[in-house]
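The primary structure of each chain is shown beneath.
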Amino acid sequence: MAIDGPAAAGKGTISKAVAAHFGFAHLDTGLIYRATGRRVLDGEDPLQAARALVPADLARGDLRTPEVAQAASRVAALPEVRAALVNFQREFARRAGGAVLDGRDIGTVICPDAEAKLFVTASDEVRAARRLAELAPRFPDLTLAKVLDDLRARDARDAEREAAPMRPAKDAVQLDTSKMDIGEAVAAAIRVVQDRLPPSA
Ligand code: C5P
């Protein structure tokens, strides 16, 4: 299953819930770019950082910060960094028992043959409010305006880059979660996936 979309649209929560519902493994591919960006902030060369990633990097507790999000989006624009990370993602996708991958280019580049593809969106304002609520406990000085600016800068970089730009695959179902609560968004995503699975699943 491929679940793509811009920052803070609800992909992560939806992907986890879909994976749990169907018993699939889940990979948040954004974490791979965040872990690479984190290593670059620590002084490493981007390509070396991507090649040196180990599973423990993805479990670091300091990846969900605004600074790391922007660093991730910058390294993610480098074609050689993306190329270094393709095999790991495809191997994860092929695992027996099924997998859900969420990111920006899963339906278009990493898994063009995915059985179900979703492109999850929400208005900029709704996404910024959700991200602020998530970050506010750790970053009390953050404002809605700053989060909105950060999201827009990141979305623009992700959508306009040459290498695997963020965009819906032609066969993706688009899900706008602006007016949905999380339960409604998850239920809608599960219906889309269920409709596309082979009858035995
Ligand atoms: O999903 P998340 O916000 O954690 O992703 C961080 C950044 O990683 C994105 O802004 C994007 O630049 C990059 N990314 C990507 N391709 C993916 C997943 C994430 O380019 N499949």
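Residues numbered from 1 in each chain as written. Predicted model: local features only at pLDDT ≥ 70, side-chain atom pairs only at ≥ 80, totals over all residues. Heavy atoms only, no water.

Asks: I'd like to hear about the nonpolar core, residue by residue, with values.
Replies: Residues Ile 32, Leu 85, Phe 92, Leu 101, Ile 106 and Ile 110 are the most contacted members of the largest nonpolar core, which totals 23 residues. Among the elements of the structure, β2 (25–28), α2 (30–41), α6 (79–93), β3 (99–103) and α7 (106–110) are those that each provide at least two residues to this core. Every residue in contact with Phe 92, bar those within four places of it in the chain, is listed here: Ala 25, His 26, Leu 27, Ala 99, Val 100 and Leu 101. Listed in part, the 21 residues of the second largest apolar core include Leu 118, Ile 190, Val 192 and Val 193. (Core = buried A, V, L, I, M, F, W, Y, C linked by side-chain atoms within 4.5 Å. Buried < 20%, exposed > 50% of the residue type's maximum accessible area, 1.4 Å probe, protein only. Helix = DSSP H or I, 4+ residues; strand = E, 2+ residues; numbered from the N terminus. Contact = heavy atoms within 4.5 Å.)

Asks: I'd like a description of the packing of α2 against α6, backed by residues and values.
Replies: Closest axis-to-axis distance for the α2/α6 pair is 11 Å, and the angle between their directions is 135°. Taken together, α2 and α6 sit at an angle that is classed as oblique. Handedness of the α2/α6 crossing: right-handed. Residues Ile 32, Tyr 33 and Thr 36 of α2 pack against Val 81, Arg 82, Leu 85, Phe 88 and Gln 89 of α6. Taken together, the residues of the contact of α2 with α6 sort by class into 5 nonpolar, 2 polar and 1 charged. (Axes fitted to C-alpha atoms, helices over the stretch in contact; angles between N-to-C directions. Parallel < 35°, antiparallel > 145°, perpendicular 65-115°, else oblique. Left-handed = near helix turned anticlockwise from the far one by under 90°. Nonpolar A, V, L, I, M, F, W, Y, C, P; charged D, E, K, R; others polar.)

Asks: An account of the packing of aromatic side chains is needed here, citing residue identities and associated values.
Replies: Tallying each qualifying case throughout the model produces 1 aromatic pair. Here the aromatic rings of Phe 22 and Phe 24 are separated by 5.5 Å at their centres, their planes lie at 15°, and the arrangement is stacked. In this pair, the class of Phe 22 matches that of Phe 24, namely buried. (Phe/Tyr/Trp six-rings, centres within 6.5 Å; stacked < 30°, edge-to-face > 60°.)

Asks: How would you explain the site of the ligand if you had to name every residue and give the values?
Replies: Contacts to the ligand come from 14 residues, most closely from Arg 34, Arg 82, Asp 105, Arg 154 and Asp 158. Contact distances for the ligand include 2.9 Å between a nitrogen atom and a side-chain N or O atom of Thr 29. Burial of the ligand by the protein amounts to 97% of the accessible area it has alone, namely 450 Å². Mapped onto the shell around the ligand, the elements with two or more residues apiece are α2, α5 (66–75) and α9 (144–160). The element that contributes the greatest number of residues to the shell around the ligand is α2, accounting for 3 residues. Here the shell around the ligand is composed, by residue class, of 3 nonpolar, 4 polar and 7 charged. (Near = heavy atom within 4 Å. Polar contact = N/O pair within 3.5 Å; in protein donor to acceptor, adjacent residues only side chain to side chain. Areas by Shrake-Rupley, 256 points an atom, 1.4 Å probe, with all protein chains shown as cover.)

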